[in-house]
Amino acid sequence: MIAIGQYNDLRIVTKTEEGLILTDGEKEVLLPYVDVPQNAEIGENLNVFVYMPKDGRLQATTKKPYACVGDFAYLTVVDEAEDGSAFMDIGLGKDIYVPKREQKRPMFKGDKYVVYVFLDEGNDRMLASSKLVNFVEEEDIDLEEGDEVSLLIADRSDLGYNAIVDNKYIGLLYTNELFDELNPGETRKGWIKKIRVEGKIDLSLQPIGYGHILETKDVLLSDLKDSGGLISLGDKSTPDEIYHRFKISKSAFKKAIGGLYKDRLITISDYEIKLFVDNDAE
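The shown structure was predicted, so the numbers you read here are calculated from the model rather than taken from an experiment.

**A few points about the side chain of T61**
- Within the secondary structure layout, T61 lies in strand β5 (residues 59-61).
- We classify T61 as buried; its relative accessible area is 2%.
- Here D35 takes part through its side chain, which lies 2.9 Å from a polar atom of the side chain of T61.
- Polar side-chain contacts of T61 include one of 3.0 Å to the backbone nitrogen of K63.
- Not counting chain neighbours up to four residues away, the residues in contact with T61 comprise L31, D35, V48, F49, Y51 and L92.

Below you can see the structure in the form of structure tokens.
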């Protein structure tokens with residue numbers, strides 16, 4: 001069965017004046033000549049993206065869209081309509097429609113928004129929506145605390161930044177735990193900090209758990225040795241200073257240097273850590 005808004009492997013069955021006719025054995029799709037690869041022959045299979053234009057006839061393309069049905073993506077508004085609806089560039093030469101009812105806030109030409117791409121049940125045309133919470137999964141979350149995930153920064157909230165997690169869920173990065181500027185549309189590597197009872201997900205841009213502390217200890221120790229045994233950061237250094245050098249939070253930094261101190265590998269002061277030197281050793 002042909003999946004509209006997705007890539008499909010289809011067989012070339014014939015040529016017409018408009019282009020090649022492709023099939024999955026049940027339905028036929030037109031691939032215009034402008035998109036036909038060189039040396040394509042009848043009987044061969046082609047991997048194409050299939051969509052439904054306004055004329056209601058399935059069409060294929062070898063162009064690569066910015067998103068498929070079921071994807072969250074950061075797209076640009078290329079036109080507005082008088083009724084408040086908008087059109088976004090999806091990379092096909094055919095824009096994707098965003099009804100006014102599917103806009104979290106009014107959309108304006110030239111601006112970019114994170115949207116979800118889906119099919120209109122009435123006519124199988126691709127639509128987009130910026131009402132992201134209507135399309136994320138909130139039950140049976142197949143993640144665990146500490147898991148590494150991919151993040152698409154969606155928008156800013158009162159507490160921080162909402163982010164799409166693994167193209168399926170939505171989570172929150174808290175402002176007071178961030179040391180970098182974030183922008184909608186950015187993709188980041190993240191970690192699951194906490195999954196709440198109500199299905200809400202707290203996120204972190206840093207690894208979670210003791211394994212991360214062990215890794216951080218190794219990094220700090222290596223940096224100390226490379227720096228002649230002294231780093232100008234300590235207990236009272238600011239979070240920004242620590243993040244600028246090591247890209248970790250102050251909490252992770254303090255846990256790591258605390259572990260190194262207990263191992264008698266360093267000495268710690270307010271604004272410095274030094275490699276431990278045992279003057280009593282022979």
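**Considering the nonpolar core**
- Judged by nonpolar contacts, the single largest core of 20 residues is most densely connected at L75, M88, I96, M107, V115 and M126.
- Beyond its immediate sequence surroundings of up to four residues, I96 is in contact with L75, A86, F87, M88, I90, V117, M126, L127 and A128.

**Focus: unusual backbone geometry**
- Its identity as a non-glycine residue notwithstanding, D140 has a phi of 50°, on the positive side.
- Structurally, D140 is set in the loop between β10 (126-129) and β11 (148-156).
- Assessed through its relative accessible area of 75%, D140 is described here as exposed.
- You will see that D166, though not glycine, has its phi angle at about 50°, which is positive.
- Looking at the element boundaries, D166 is found in the loop between β12 (160-165) and β13 (169-174).
- With relative accessibility at 30%, the residue D166 sits in the partly exposed group.

Criteria and thresholds
- Residues numbered from 1 in each chain as written.
- Predicted model: local features only at pLDDT ≥ 70, side-chain atom pairs only at ≥ 80, totals over all residues.
- Heavy atoms only, no water.
- Helix = DSSP H or I, 4+ residues; strand = E, 2+ residues; numbered from the N terminus.
- Buried < 20%, exposed > 50% of the residue type's maximum accessible area, 1.4 Å probe, protein only.
- Polar contact = N/O pair within 3.5 Å; in protein donor to acceptor, adjacent residues only side chain to side chain.
- Contact = heavy atoms within 4.5 Å.
- Core = buried A, V, L, I, M, F, W, Y, C linked by side-chain atoms within 4.5 Å.

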